[in-house]
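One-letter residues, chain by chain:
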Amino acid sequence: MEGVVSEKSVIKVAAICGSLRKASFNRSLLRSAIQICNESIKGMEIEYIDIAALPMQNTDLEVDGTYPPTVEAFRQKICEADGVLFASPECNYSISAPLKNAIDWASRPPNMWANKAAAIVSVAGGGQGRRCQYHLRQIGVYLDLHFINKPEFFLNGHQPPAKFDSDGKLIDLAIEEELKEVLLSLQAFTLRLSW
């Protein structure tokens, strides 16, 4: 059966950043997640999927059931993934425009998000991305995208002490352990959904 994950196979996770900024803390968090996974989580691979090249979602770009090449490539990556790891800042009490655009493209028929496990992590200011995560969960209900409930991960990246070094590498070991717990929960939930 297509898309089924067995205990012996490797879970493939698509990592998507809602910020296009090169020095984004959310992108740094995804890099850290990939490193943690490679070093200490067997049976799961995380691939960063860049959404910067996606055109704005516009049905005029859909021709005879096909999409622009960059959109087709993105949709295929989501289709091949068993789960999704989102990292996004909060923008105007919600998710960022680039992330919403990516979600909309992959939801066009057939919906590539359906029946996948997902997790959200956020680095933001004072609200730490809570409203962003809440809105993303609401969108997930319609898309049949299933989010882990716990642990939740919110981080104020600007509050001392520094969480990232000047190269954007996560340097807070406690935060790194929290991120690992999110990844382990995503792995376990993905396996449960495949039963």
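Residues numbered from 1 in each chain as written. Predicted model: local features only at pLDDT ≥ 70, side-chain atom pairs only at ≥ 80, totals over all residues. Heavy atoms only, no water.

### Some words on unusual backbone geometry
Residue Pro-110 is reached from Pro-109 by a cis peptide bond, and omega for that bond is -10°. Along the chain, Pro-110 falls in the loop between α3 (97-107) and β4 (116-124). Omega for the bond connecting Lys-150 with Pro-151 falls within 30 degrees of zero, at -5°, which places this linkage in the cis form. Turning to its location among the elements, Pro-151 is positioned in the loop between β5 (145-147) and β6 (154-156). (Helix = DSSP H or I, 4+ residues; strand = E, 2+ residues; numbered from the N terminus.)

### Section: the pattern of salt bridges
Under the defined criterion, the tally for this structure stands at 4 salt bridges. In this structure, Arg-108 engages Glu-62 in a salt bridge whose closest nitrogen and oxygen atoms are separated by 2.7 Å. Placement of the pair is Arg-108 in the loop between α3 and β4 and Glu-62 in the loop between β2 (44-48) and α2 (69-80), with a sequence separation of 46 residues. Relative accessible area serves as the criterion here: at 26%, Arg-108 is assigned to the partly exposed category. With its nearest N and O atoms 2.7 Å apart, the salt bridge here joins Glu-90 to Arg-131. Of this pair, Glu-90 sits in the loop between β3 (83-87) and α3 while Arg-131 sits in helix α4 (residues 130-143), and the two are 41 residues apart along the sequence. (Salt bridge = Lys/Arg side-chain N within 4 Å of Asp/Glu carboxyl O. Buried < 20%, exposed > 50% of the residue type's maximum accessible area, 1.4 Å probe, protein only.)

### Here's the deal with the packing of aromatic side chains
Scanning all chains against the criterion turns up 5 aromatic pairs. Ring geometry for Tyr-67 against Trp-105: centres 5.9 Å apart, planes inclined by 85°, an arrangement best described as edge-to-face. Here Tyr-67, found in the loop between β2 and α2, pairs with Trp-105, found in helix α3; they are 38 residues apart in sequence, far enough to count as distant. Judged on exposure class, the residue Tyr-67 and its partner Trp-105 are both buried. Judged by centre distance (6.4 Å) and plane angle (65°), the rings of Phe-74 and Trp-113 are edge-to-face. Residue Phe-74 is found in helix α2, and its partner Trp-113 is found in the loop between α3 and β4; the two are separated by 39 residues along the sequence. In terms of burial, Phe-74 and Trp-113 fall into one category: buried. (Phe/Tyr/Trp six-rings, centres within 6.5 Å; stacked < 30°, edge-to-face > 60°.)

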